[in-house]
Amino acid sequence: MASIRMKGIVKKFGDLTVIPRLDLEIQDKEFVVFVGPSGCGKSTLLRIIAGLEKVNEGDLYIGDERVNDLPAARRDIAMVFQDYALYPHMTVRKNMAFALERRGMPKAEVDARIRRAAEILHIEPYMDRKPKALSGGQRQRVAMGRAMVRNPKVFLFDEPLSNLDAKLRAEVRTEIKALSQTLQTTMIFVTHDQVEAMTMADRIVILKDGMVQQVGGPEEVYRNPVNQFVAGFIGSPTMNFFTAARCDGGLRLADGTKVPIGGKQAAALDRRSEAQVVLGVRPEHLRLAQGGDGSFEVTVNVVEPLGSDTLCYFDFEGSRHVARLDPERPVHAGERIRFSFDTARSHVFAGGDGRCVF
Amino acid sequence: MSETWIRRLNAFQLLLVIALILLPIVWMVVSSFKPSAQVTAYPPTLIFTPVLDNYRQLFSTTPFGSYLVNSIVITVGSTLLGLLFGVPGAFATSWSRVNWPATVTLAARMAPGALFLLPWYIMFRTFGMIGSYSAMILAHAVITMPVIIWVMLPYFDNVPRSVLESAQVDGCHVPEILWRIALPMVLPGLVVSSILAFVFSWNYFLFALILTNQSTKTLIAASFNFIGEGATYWGALMAAATIIAIPPIILAFVVQRWLVSGLVMGAVKG
Ligand SMILES: Nc1ncnc2c1ncn2[C@@H]1O[C@H](COP(=O)(O)OP(=O)(O)OP(=O)(O)O)[C@@H](O)[C@H]1O
Ligand SMILES: [Mg+2]
């Protein structure tokens, strides 16, 4: 149980700067999820916390202790590796017992912890098998189990669910979340999958090129993304982006449609100097319209009925967009349909750096 | 290349192996059981009653038994010493990816043994170690250690790094990682390298010529002397050679069973 503090962390591999400069605080008992595209430095950051990589600059604190020079073995951290990293010469049970036994924990206690973890992860049937005889998903769960039994100060998970099927993934996801609540341990979870991020995290850290883009609760990063990257990364299907030019009383889309913008939003827009901006609208904030100001007509390309709602894909000025519609309203491919924006819940990003204007 | 040519080359290669390797071995073993008069007879006699005269002569006229013991002590000792330093050496080389120390040992192994003779003779004499087992075991570590390092190295390189890091995170210090995680994963390599080291050390005679005395002389060095002593003992020499060849031949069969092995499987995603 411990907080984690990173101050001015810089990490280079030779000439390649992976983390240019990073500050981040993670509270005790917090469940934090790192998301970001492949290669953005998520694993590297986890490995730095675990003590498997040295930083070039900056300070890392676990609890109140500066741990820059503390070897991995003495940090009391459990980590689930992206590639599982099971001990191939040991049975599943041995894999899980290894860290506990080497610390001299009484056998009864070891057994109890293993039994509990095995139950949660549904791995009891193959406790006496070697990793070689397990499927990818089973190995992944064993790796999770090996971390779970440890009761460490901090849990680090590097994409631990990527190899599970959808049902098991949802199950284990809930279990991890429940586990974090019962264990009350700081957890850092890395994933590509923003659904995972949204559902599990107390706070989400969105990374790009080794830089923190935004830190916030799931709701917050969803509703108030700080820039276009975050807006595009969080949410599924992703936010629709329309390039737009500023004009009197609002924005003008590439096809000439005028989107009226008023009130506080207009004021925010006026404070910016760029002529070109990007209008960001989530699929659920595209409304069916009969006509009138700020509406545009498109041809539906693809319809995906999800049951709870219907996704409706269309092309607009050369790029693909998607709207989330009420399933009660039947749509079919090829249909001409008219949309307008829920401007109160839309965002505008500055043309240059992609910062959120509102 | 045409099929026929490939077949002809295969046949040629087979012939070469038979003529150069198998034939002398068979000849050696067969001769060792011939009565002494027939050993050097030409044309060689193919039908004879096998006798143990040569072996009897070998053990009665020379301290062959004690040479055998010397060989075993020195070979086993130098193999163990090689393992003691070579295995951690290979692990450290693989882990740190710093190669030059391993390369230096390899260079030492590649250098002609004669290079070491004079300096070692002086060194070991200074410490009064000439004729001792310890001098020979130390000297033969130059044979065994590079073999062990370089055979083990690719095995260690094949151990997924994340498995070792897992052990680190689980609280292991480095010697523990080697002993409890890495070593069990490279057991085939350990067997192969020990056997190769054993055989190379067993067969090496140059160091024994100057670093041993009568009481620590190895089998191979002793039989080398037989040749020098003239043609009288051909039968006994064949018997000696046969005995010397037995351990390496047995080990060669053992080693090939271990050469192909996939213990690492299943550790990572794969
Ligand atoms: N040991 C290393 N040596 C050199 N470069 C490295 C090393 N490890 C990682 N990198 C580089 O650092 C960058 C970040 O890698 P990292 O593994 O942290 O990405 P990631 O966000 O975990 O990606 P993914 O989602 O694909 O796992 C990448 O460009 C990678 O090539
Ligand atoms: Mg990664």
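Worth saying up front: this structure is predicted, and the values here are computed from it rather than measured.

Describing the domain arrangement of chain A
Under the domain assignment used here, chain A contains domain 1 (4–224) and domain 2 (240–350). Put simply, the middle of domain 1 of chain A and the middle of domain 2 of chain A, counted by C-alpha atoms, are 39 Å apart.

Examining the site of ligand 1
Residue and element names in this part refer to chain A. In the region of ligand 1, 13 residues are neighbours, and Ser38, Gly39, Lys42, Ser43 and Thr44 sit closest. Here Gly41 contributes a backbone N or O atom positioned 3.0 Å from an oxygen atom of ligand 1. Between ligand 1 and the protein, one listed contact pairs an oxygen atom with a side-chain N or O atom of Glu159 at 3.3 Å. Relative to its unbound accessible surface of 630 Å², ligand 1 loses 61% to contact with the protein. Contributing elements (two or more residues each) for the shell around ligand 1: strand 2 (16–26) and helix 1 (42–50). If you tally residues by element for the shell around ligand 1, the top one is helix 1, at three residues. For the shell around ligand 1, the class distribution of residues is four nonpolar, seven polar and two charged.

Digging into the coordination of the magnesium ion (ligand 2)
Residues and elements named next belong to chain A. Surrounding the magnesium ion (ligand 2) are the protein donor atoms Ser43 (OG) and Gln82 (OE1), which sit 1.9 to 2.5 Å from the metal. Here Ser43, found in helix 1, pairs with Gln82, found in the loop between strand 6 (77–80) and helix 2 (92–102); they are 39 residues apart in sequence, far enough to count as distant. Its relative accessible area of 21% is what places Ser43 among the partly exposed residues. What makes Gln82 partly exposed here is its relative accessible area of 29%.

Quick word on unusual backbone geometry
A cis amide bond links Ser236 of chain A with the next residue in sequence, Pro237 of chain A, at an omega value of -5°. Following the sequence through the fold, Pro237 of chain A ends up in the loop between helix 8 (228–233) and strand 11 (240–247). Positive phi outside glycine occurs at Asp209 of chain A, with the angle close to 50°. Structurally, Asp209 of chain A can be placed in the loop between strand 9 (203–208) and strand 10 (211–216). One non-glycine residue, Arg97 of chain B, adopts positive backbone phi at about 60°. By the element assignment, Arg97 of chain B lies in the loop between helix 4 (64–96) and helix 5 (100–110). The exposure class of Arg97 of chain B is exposed, given its relative accessible area of 58%.

Thoughts on the environment of Val226 of chain A
All names here are of chain A. Structurally, Val226 is set in the loop between helix 7 (218–223) and helix 8. Take Val226: its relative accessible area is 30%, and that puts it in the partly exposed class. The spacing of Val226 and His347 is 121 residues in sequence and 10.0 Å in space, taken between C-alpha atoms. Residues within four places of Val226 in sequence aside, it is in contact with Gln213, Gln214, Gly354, Arg355 and Cys356.

Regarding the environment of Leu117 of chain B
All names here are of chain B. Looking at the secondary structure, you find Leu117 in helix 6 (residues 114–126). On the basis of relative accessible area, Leu117 is assigned to the buried category, the value being 16%. Put simply, Leu117 and Pro35 are 82 residues apart on the chain and 39 Å apart in space, counted from C-alpha to C-alpha. Among residues more than four places away in sequence, those in contact with Leu117 are Leu206, Phe207 and Ile210.

Remarks on the sheet that holds strand 12 (residues 250–253) of chain A
Residue and element names in this part refer to chain A. If you trace the five strands from one edge of the open sheet to the other, you get 13-12-11-14-20, paired in antiparallel fashion. Looking at the sheet topology across the chains shown, the edges are occupied by strand 13 (258–260) and strand 20 (347–350). Each strand of the sheet is rotated relative to its neighbour by a mean of 40°, with strand direction disregarded.

Re a nonpolar patch on the surface
All names here are of chain B. A surface patch of nonpolar side chains, amounting to about 1000 Å² of accessible area, comprises Phe12, Leu14, Leu16, Val17, Ile18, Leu20, Ile21, Leu22, Ile25, Ile249 and Phe253. Elements that contribute at least two residues to the nonpolar patch include exactly helix 1 (3–32) and helix 13 (234–259). With a relative accessible area of 40%, Ile18 lands in the partly exposed category.

As for helix 1 of chain A
Within helix 1 of chain A, eight of the nine residues are buried, which leaves the element mostly enclosed by the surrounding structure. Downstream of helix 1 of chain A by a residue or two, Gly51 of chain A has a phi angle that is positive, lying close to 95°.

Considering the packing of aromatic side chains
This model, assessed by the stated rule, comprises 24 aromatic pairs over all chains. Here Phe296 of chain A and Phe316 of chain A contribute two aromatic rings whose centre-to-centre distance is 4.8 Å and whose plane-to-plane angle is 55°, an arrangement assigned as tilted. With Phe296 of chain A in strand 16 (residues 295–305) and Phe316 of chain A in strand 17 (residues 310–316), this residue pair connects regions lying 20 residues apart in the sequence. Given a relative accessible area of 7%, Phe316 of chain A falls into the buried group. Centroid distance Phe91 of chain B to Trp95 of chain B: 5.8 Å. Interplanar angle 55°. Geometry classified as tilted. Of this pair, Phe91 of chain B and Trp95 of chain B both sit in helix 4, four residues apart, which is roughly one turn of that helix. Judged by relative accessible area, which is 5%, Phe91 of chain B ranks as buried.

A closer look at the pattern of salt bridges
Counted under the stated rule, the structure contains 29 salt bridges over all chains. Put simply, Asp342 of chain A and Arg345 of chain A hold a salt bridge, and the shortest N to O gap is 3.2 Å. Note on Asp342 of chain A: relative accessible area 12%, which makes it buried. With relative accessibility at 44%, the residue Arg345 of chain A sits in the partly exposed group. One salt bridge in this structure joins Arg56 of chain B and Asp53 of chain B, with 3.3 Å as the shortest N-O distance. Of this pair, Arg56 of chain B and Asp53 of chain B both sit in helix 3 (residues 53–61), three residues apart, which is roughly one turn of that helix. Salt bridges sharing partners connect three or more residues here, namely Lys11, Arg47 and Glu53 of chain A together with Glu165 of chain B.

Cut-offs applied
- Residues numbered from 1 in each chain as written.
- Chains lettered and ligands numbered in written order.
- Predicted model: local features only at pLDDT ≥ 70, side-chain atom pairs only at ≥ 80, totals over all residues.
- Heavy atoms only, no water.
- Domains from an automatic or database assignment.
- Near = heavy atom within 4 Å.
- Polar contact = N/O pair within 3.5 Å; in protein donor to acceptor, adjacent residues only side chain to side chain.
- Areas by Shrake-Rupley, 256 points an atom, 1.4 Å probe, with all protein chains shown as cover.
- Helix = DSSP H or I, 4+ residues; strand = E, 2+ residues; numbered from the N terminus.
- Nonpolar A, V, L, I, M, F, W, Y, C, P; charged D, E, K, R; others polar.
- Donors = N, O, S within 2.8 Å, 3.2 Å for Na, K, Ca; no water.
- Buried < 20%, exposed > 50% of the residue type's maximum accessible area, 1.4 Å probe, protein only.
- Contact = heavy atoms within 4.5 Å.
- Pairing = 2+ DSSP bridges.
- Axes fitted to C-alpha atoms, helices over the stretch in contact; angles between N-to-C directions.
- Patch = residues over 30% accessible without salt bridge, like charges linked within 9 Å, V, L, I, M, F, W, Y side chains within 5 Å.
- Salt bridge = Lys/Arg side-chain N within 4 Å of Asp/Glu carboxyl O.
- Phe/Tyr/Trp six-rings, centres within 6.5 Å; stacked < 30°, edge-to-face > 60°.

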